[in-house]
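Descriptive analysis of the structure
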Amino acid sequence: MELLVTTSDNPMPSRLHAPRHRLLPPERPPVPGASYRSRKIRRTLTASALFAAGALVLSGCGGDGSAGSGDGKNGAGAKDGSGIRITVSSKDGATNAGLNGARVQVSGGTLTEVKLTAAESGKEVAGAMAPGGASWKPSVQLERGTKYKIVANAKDAKGRSATENATFTTVSSANSFIGTYTPDNGKTVGVGMPVSFNFDKVITNKKDVQSHIKVTSSSGQQVVGHWFGAQRLDFRPAEYWKAGSKVTMEIDLDGVKGGNGITGVQSKTVTFTVGRSQVSTVDMNTQMMTVKRDGKTIKSIPISGGSPDNPTYNGQMVISEKFEQTSMDGSTVGFKNPEDSYIIPDVPHAMRLSTSGTFLHGNYWGSPSVFGKAGTSHGCIGLRDVQGGGDGTPGKWFFDQSLVGDVVVVKNSPEQTVKPDNGLNGWNLPWNAWQAGSAL
């Protein structure tokens with residue numbers, strides 16, 4: 001004889017085997033005068049009573065994480081039970097559940113209804129049932145530090161039903177971490193665009209965190225992660241992405257320990273497309289920029305780079321943001337002296353090249369004679385433009401032709417090479433040095 005039993009720690013039934021020794025006491029000598037039929041009845045009643053007692057004990061282990069009987073009245077593994085097994089990914093009573101921990105699966109039947117609500121407010125969380133009713137998951141990510149209740153109902157092919165209830169609390173903000181990342185899902189970017197994660201908490205368990213972020217390209221290029229400190233993780237191949245390739249980020253951080261008592265809460269897949277290849281080279285000796293599209297020169301543009309006192313960084317820089325118009329204040333990037341200070345409230349066609357404030361932008365305030373002749377800026381790269389950013393200017397043309405992720409290479413400047421973590425500029429690290437910064 002074997003009985004099916006489920007527990008909250010083991011949603012699949014385990015098999016309890018009846019003891020091998022005899023359940024009944026040795027048969028006593030027949031009582032004088034008792035008939036054979038009466039002795040048989042006594043033995044049958046005794047065996048039935050013992051079996052019933054055992055079934056009650058086993059039924060007392062119920063209230064677990066999976067439903068086992070058709071009508072909720074029979075003990076686990078009852079002969080006429082439905083065999084439906086409903087499993088909720090977050091354990092009943094959990095206090096540190098992930099934000100994606102309300103997924104429901106069923107075997108031996110079909111889900112008919114799943115209701116997930118915030119316990120305090122009663123607000124229902126929208127969800128989606130898989131075709132055929134085999135599983136269910138929330139349509140939105142759960143909130144951190146919130147108690148939820150879930151009720152899942154299912155039926156089998158004979159119409160018998162089962163219900164599972166679970167209550168759990170998601171991990172708190174103080175005990176969890178998230179990573180903001182770029183680029184966003186569905187974007188088309190330039191060939192120099194790295195995948196960059198910035199975590200809101202210090203990560204000490206770098207190996208586990210990195211191993212749960214997988215970045216792959218349809219081009220087949222090897223992609224490696226590199227840590228800049230304890231809160232930033234970037235990914236790139238050895239060379240620029242292949243034009244037209246598709247890049248996929250699989251983020252599986254939900255439940256991953258980041259160290260110092262913090263747990264990840266993200267689980268999603270992000271894809272983006274690499275557009276055409278555009279790499280522009282700025283020569284500070286000639287004050288000219290050569291724009292190459294898919295390896296062919298499409299335009300040469302006069303520029304005005306950094307002055308001798310404030311030279312532009314050398315190196316490979318990636319366009320990380322684009323603004324039709326923006327304000328620039330020299331005091332915010334370290335220019336405090338009156339002779340160096342400036343405030344320009346309407347800089348047109350601005351494209352960020354570094355976190356520290358290097359931009360490639362339109363310039364309407366400089367004399368047209370400086371472009372292609374002299375460096376006059378505080379370190380930015382200026383293109384001739386008009387106030388308000390009108391059409392027909394080099395600044396407008398380059399802005400329209402550029403994608404976030406395009407590469408701008410600066411050479412022959414007296415300044416140092418831009419640091420690889422100053423913006424999205426990890427291309428300035430040799431490949432072996434990049435690989436050395438991986439935790440895997």
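Source: prediction; values computed, not measured. Residue numbers run consecutively from 1 along every chain, following the written order of its sequence. Reporting of local features is limited, given that this is a predicted model, to residues whose pLDDT is at least 70; pairs of side-chain atoms are given and counted only at 80 or more, and all residues count toward the totals for whole chains, interfaces and linings. Calculation of side-chain values draws on the structure's entire complement of heavy atoms; hydrogens and water are dropped beforehand.

**Digging into the overall build of the protein chain**
- In terms of helices and strands, the protein chain carries four helices and 30 strands.
- A fraction of 63% describes how many contacts in the protein chain between residues 6 or more apart in sequence connect residues 24 or more apart.
- Values of accessible area rely on a 1.4 Å probe in the Shrake-Rupley scheme; residue burial ignores everything except the protein chains shown. As presented, the protein chain carries roughly 22,300 Å² of accessible surface, and 51% of it is formed by carbon and sulfur atoms. Per the convention used, a helix needs a DSSP run of H or I reaching at least four residues, while a strand needs a run of E reaching at least two, with both numbered from the N terminus. Working rule for contacts: check all heavy atoms of both residues, and any pair within 4.5 Å makes them a contact.

**A look at the nonpolar core**
- We call a set of buried Ala, Val, Leu, Ile, Met, Phe, Trp, Tyr and Cys residues a nonpolar core when their side-chain atoms join them within 4.5 Å. Buried means the residue's accessible area, taken with a 1.4 Å probe over protein chains only, is under 20% of the maximum for its type, while exposed means over 50%, and partly exposed covers the values in between. Ranked by size, the top nonpolar core spans 31 residues in total, and within it F197, F199, V209, I213, V215, F235 and M249 carry the most contacts.
- In contact with F235, not counting residues within four places along its chain, are P194, V195, F197, Q210, I213, V215, V223, V224, G225 and W434.

**Notes on the side chain of N100**
- By secondary structure assignment, the location of N100 is in the loop between β3 (85-88) and β4 (104-107).
- The exposure class assigned to N100 is buried, which follows from its relative accessible area of 15%.
- N or O atoms within 3.5 Å of each other form a polar contact, as long as, within protein, one can give a hydrogen and the other can take it, and as long as residues adjacent in sequence are counted only when both atoms are side-chain atoms. Within polar-contact distance, the side chain of N100 engages the backbone oxygen of V265 at 3.1 Å.
- If sequence neighbours within four positions are ignored, N100 has contacts with S89, Q141, D254, V265, Q266 and S267.

**A closer look at the sheet that holds strand β24 (residues 296-302)**
- Only strands joined by at least two bridges in the DSSP assignment are considered to pair. Spatially, β24-β23-β22-β30-β25 is the arrangement adopted by the five strands of the open sheet, whose pairing is mixed. The two strands at the open ends of the sheet, each matched to only one other strand, are β24 and β25 (315-318). Neighbour to neighbour, the strand axes of the sheet diverge by 20° on average, direction disregarded.
- Pairing of strand β23 (residues 288-293) with β24 involves six bridges; the strand directions are antiparallel. Directly across from M289, in β24, lies its bridge partner I301.
- Only the stretch in contact is used when fitting a helix axis, every axis being a line fitted to C-alpha atoms; angles between N-to-C directions are given from 0 to 180 degrees. Strands β22 (278-283), β23 and β24 of the sheet are contacted by helix α3 (residues 394-401), whose axis makes an angle of about 145° with β24.

**Some words on the environment of G305**
- Among the structural elements, G305 can be located in the loop between β24 and β25.
- In sequence terms G305 and V410 are 105 residues apart; their C-alpha atoms lie 9.8 Å from each other.
- Setting aside anything within four residues of it in sequence, one finds G305 in contact with M284, Q287, T312, A374, G375, T376, S377, C380 and I381.

**A word on the packing of aromatic side chains**
- Note on aromatic contacts: the rings of Phe and Tyr and the six-membered ring of Trp form a pair at centre separations within 6.5 Å, being stacked when their planes are under 30 degrees apart, edge-to-face when over 60 apart, and tilted otherwise. Summed over all chains, the structure comprises 10 aromatic pairs.
- Where F228 meets W434, the ring centres are 5.9 Å apart and the plane angle is 70°; that geometry is what we call edge-to-face. Of this pair, F228 sits in strand β16 (residues 223-228) while W434 sits in helix α4 (residues 431-436), and the two are 206 residues apart along the sequence.
- Connected via pairs of aromatic rings, a cluster forms that spans F177, Y181, F197, F199, W227 and F235.
- Two conditions define a charge located above a ring, namely a distance within 6 Å from the ring centre to NZ of Lys or CZ of Arg, and an angle within 35 degrees of the ring normal. We note R236 situated over the ring of W434; from NZ or CZ to the ring centre the distance is 4.5 Å.

**What to know about the pairing of strand β8 (residues 135-138)**
- The alternating pattern of β8 places W136 and P138 on a buried face and S135 and K137 on a face that is not buried.
- With two bridges connecting them, β4 and β8 associate as antiparallel partners. By the bridge assignment, Q105 is partnered in β8 with S135.
- Sheet topology places strand β7 (residues 127-129) next to β8; three bridges connect them, and they run antiparallel. Bridging from a neighbouring strand, G127 pairs with P138 of β8.
- Once β7 ends, the chain turns through five residues before running back antiparallel as β8, passing G132 with a positive phi of about 85°.

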